[in-house]
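Topology and contacts: notes
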Amino acid sequence: MSFAKAQELLKLAMMATRRSGVSLEEIIEEFGCVHRSAQRMTVALEAAFPQTQADDGEDRKRRWRIAARAIAPLLTPSAEELAALTTAINELDVAGLTTEATAVRGLKQKVRALIPPEAGTRLAVDEEALAEALGHAARPGPRPAQNGAVDAAIYEALKGPFLLRFPYRTRSQPKPRDRIVAPHGLLLGTRRYLVGRDTAKPASSPLQHYRVEEITRAEVLPDSFEIDPGFDIRTHAEKGFGSFENEAEHGDVVWRFSPDAAPHARRFVFHPTQTAVEEPDGSLLVRFRASGHLEMCWHLYSWGTSVEVLQPAALRDLVHGHRRTFGALP
């Protein structure tokens, strides 16, 4: 067996340790192979790991399962994987997600505890070298203000899900007032927004966005609730350019990057729904659907006169008076 095939077999064994096991369809999707090749892989799995169990489920699909303890001694993490955990921890810290960062640190400590002593020292040296090379040892830059108690309450409410009570003041209100909110998700970006439904408003009212940095304290209530049918945080997030979403602003956005800036702009993904078309003169047209004109304006400012807003008119007017020439592109 080749080294590559051995790696694939070990990966398949790891997939089989899941509670649901692994099916032929999942093998085909994961390894990009045909049905016959997937069958041969299950035969190899059973030969290499006699503990493998194959059962037919209620959906009449056969699934292969292996107890995790059977392959645990083969799963010493690599330096690259440990460095990736370090990167994830730092990114979570930068994003202000201290609860998640603490959880991943705990996971990393548990993983390290399972590494044989003779391999631990070598991995630690390699991991440190990779982390420094990736530039994540100390990453500067602005980050959201953090309130550990508020963050912990939000995460506890999201896991329930439970109702959350906190004082909140909109920009048009002189003083904060208590809100009881059914939290649906958290949007991350330049600012963090809690997506939720104000229980004092009709159930048909749209979800609202609460700036996490404006929440000074929060209390998790014992009352549970049902998430809105069909709600998906990823789909909801795509409605905005950044972390803010405004239904009234949502619509087509079209930017034209100058021929000089076009090669640089092609290396950006401005929005998950974007399409990019090169024009005859070498300029680049980028189209997508989103809201959040102010966050778009903040980003467009960094491109200066190298970008022109074609749509919407409201965004074009917002940007126009602030365009200038910079010595470099973002």
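Here, the structure is the one placed above.
A brief report on the enclosed structure follows. Just so we're clear, the structure is a prediction, and the values are computed from it rather than from any experiment.

Parameters at a glance
- Residues numbered from 1 in each chain as written.
- Predicted model: local features only at pLDDT ≥ 70, side-chain atom pairs only at ≥ 80, totals over all residues.
- Heavy atoms only, no water.
- Pairing = 2+ DSSP bridges.
- Helix = DSSP H or I, 4+ residues; strand = E, 2+ residues; numbered from the N terminus.
- Axes fitted to C-alpha atoms, helices over the stretch in contact; angles between N-to-C directions.
- Patch = residues over 30% accessible without salt bridge, like charges linked within 9 Å, V, L, I, M, F, W, Y side chains within 5 Å.
- Areas by Shrake-Rupley, 256 points an atom, 1.4 Å probe, with all protein chains shown as cover.
- Salt bridge = Lys/Arg side-chain N within 4 Å of Asp/Glu carboxyl O.
- Buried < 20%, exposed > 50% of the residue type's maximum accessible area, 1.4 Å probe, protein only.
- Expected span 1.5 Å × (residues − 1).
- Arc of directions from axis to C-beta.

1. Points about the sheet that holds strand β10 (residues 275-278)
- Pairing is antiparallel in the open sheet, where four strands are placed in the order β10-β11-β9-β12. In this open sheet, the two strands that pair with only one neighbour each are β10 and β12 (307-311). Across the sheet, the mean angle from the axis of one strand to that of its neighbour is 25°, orientation sign disregarded.
- The sheet contact formed by strand β9 (residues 251-257) and strand β11 (residues 284-290) spans seven bridges and is antiparallel.

2. Brief notes about a nonpolar patch on the surface
- Side chains of Met14, Leu74 and Leu75 sit close together on the surface and give an oily, nonpolar patch of about 260 Å² of accessible area.
- In this structure, Leu75 sits in the loop between β3 (62-65) and α4 (79-94).
- By relative accessible area, which is 33% here, Leu75 ends up partly exposed.

3. Structural notes on the pairing of β10
- Two elements, β10 and β11, share four bridges in a ladder whose sense is antiparallel. The residue bridging Val277 from the neighbouring strand is Leu285, located in β11.

4. Remarks on the pairing of β9
- Buried residues dominate β9, accounting for five of its seven residues.
- In terms of strand pairing, β9 meets β12 through four bridges, oriented antiparallel. Within the sheet, the bridge partner assigned to Val254 lies in β12 and is Gln311.

5. Things to note about the pattern of salt bridges
- The full count for this structure, using the stated rule, is 17 salt bridges.
- A salt bridge links Asp151 to Arg192, with the nearest nitrogen and oxygen atoms 3.3 Å apart. Taken as a pair, Asp151 in helix α7 (residues 148-159) and Arg192 in the loop between β5 (177-187) and β6 (193-198) lie far apart in primary sequence, 41 residues in all.
- The class of Asp151 is buried, set by a relative accessible area of 2%.
- The buried category is assigned to Arg192, whose relative accessible area is 2%.
- Of the charged contacts, one joins Arg256 and Glu308 as a salt bridge, the two residues approaching to 3.2 Å between their closest N and O atoms. Highlighted residues: Arg256 in strand β9 and Glu308 in strand β12, separated in sequence by 52 residues.
- Each of Arg18, Glu26 and Arg63 takes part in a single network of salt bridges with overlapping partners.

6. As for helix α5 (residues 98-113)
- The end-to-end C-alpha separation of α5 is 23 Å, in line with the 22 Å expected for 16 residues at 1.5 Å each.
- Taken residue by residue, α5 has Ala101, Val104 and Lys108 as its buried positions. Down the axis, α5 shows its buried residues gathered within 65° of arc, on one side only. Among the exposed residues of α5, those pointing more than 90 degrees away from its buried face are Thr102, Ala103, Gln109, Lys110 and Ala113.

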